[in-house]
Amino acid sequence: QVQLVESGGGLVQAGSSLRLSCAASGSTFNYMGWFRQAPGKEREFVAALKWIGAGTYYSNSVRGRFAISRDNAKNTVYLQMNSLNSEDTAVYYCAARLQAYGKYDYWGQGTQVTVSS
């Protein structure tokens, strides 16, 4: 059974940093990513990485401020978020994809990130 468990969300002030974690179990994935959904908005892509080998991808809104990384030994992917602002407030979801392309197959339960200005 595949499980993705996020942690690390919280309430922070603008300009602060936060690191999210996603512990994965139950399968080997091709890609893992982070998405977010703000109130009243659609879910949007934030960042992704290839689980085996190189390759990281970011949305324009977070490139240069966020960094995605992994610890293969712990089956955990991280999202380091720096210079947070109020527009980063959202529920952040971890996702995993079995194939190199296409939709993400598994999703975590989400973790709330709130940035106060």
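See the structure shown above.
Residues numbered from 1 in each chain as written. Predicted model: local features only at pLDDT ≥ 70, side-chain atom pairs only at ≥ 80, totals over all residues. Heavy atoms only, no water.

Participant: Could you give an account of the packing of aromatic side chains, with specific residues and numbers?
Facilitator: Applying the stated rule across the entire model yields 6 aromatic pairs. Centre to centre, the rings of Phe-35 and Phe-45 are 5.7 Å apart; their planes meet at 75 degrees, and the pair counts as edge-to-face. One end of the pair, Phe-35, is in strand S4 (residues 31–37); the other, Phe-45, is in strand S5 (residues 44–50), and 10 residues separate them in sequence. Judged by its relative accessible area of 28%, Phe-45 falls in the partly exposed class. Taken together, the ring pairs in this structure connect Phe-35, Phe-45, Tyr-104 and Trp-107 into an aromatic cluster. The ring of Tyr-31 has Arg-97 sitting right over it, with the charged end atom 4.6 Å from the ring centre. (Phe/Tyr/Trp six-rings, centres within 6.5 Å; stacked < 30°, edge-to-face > 60°. Helix = DSSP H or I, 4+ residues; strand = E, 2+ residues; numbered from the N terminus. Buried < 20%, exposed > 50% of the residue type's maximum accessible area, 1.4 Å probe, protein only. Lys NZ or Arg CZ within 6 Å of the ring centre and 35° of its normal.)

Participant: Break down unusual backbone geometry for me, with residues and values.
Facilitator: Residues other than glycine seldom take positive phi values, yet Asn-75 does so here, at roughly 50 degrees. Here Asn-75 is to be found in the loop between strand S7 (66–71) and strand S8 (76–81). Even without glycine at this site, Ser-83 takes up a positive phi of about 50 degrees.

Participant: Got a sec to walk through the pairing of S8? Specific residues and values, please.
Facilitator: A large share of S8 lies buried, amounting to 5 of its 6 residues. Inspection of the sheet shows strand S3 (residues 18–25) paired to S8 by 6 bridges, in the antiparallel sense. By the bridge assignment, Leu-18 is partnered in S8 with Met-81. Sheet analysis places S7 next to S8, joined by 6 bridges and oriented antiparallel. (Pairing = 2+ DSSP bridges.)

Participant: With reference to specific residues and values, describe the nonpolar core.
Facilitator: Core analysis: the biggest nonpolar cluster contains 28 residues, and Met-32, Trp-34, Val-77, Leu-79, Met-81 and Tyr-92 have the highest contact counts within it. Of all the secondary-structure elements, those providing two or more residues to this core are S3, S4, S5, S7, S8, strand S9 (90–97) and strand S11 (111–116). Setting aside residues no more than four positions away along its own chain, Leu-79 makes contact with Leu-18, Arg-19, Leu-20, Trp-34, Val-46, Ala-47, Phe-66, Ala-67, Ile-68 and Tyr-92. Grouped together as the second largest cluster of nonpolar side chains are 5 residues, Phe-35, Ala-48, Ala-95 and Tyr-104 included. (Core = buried A, V, L, I, M, F, W, Y, C linked by side-chain atoms within 4.5 Å. Contact = heavy atoms within 4.5 Å.)

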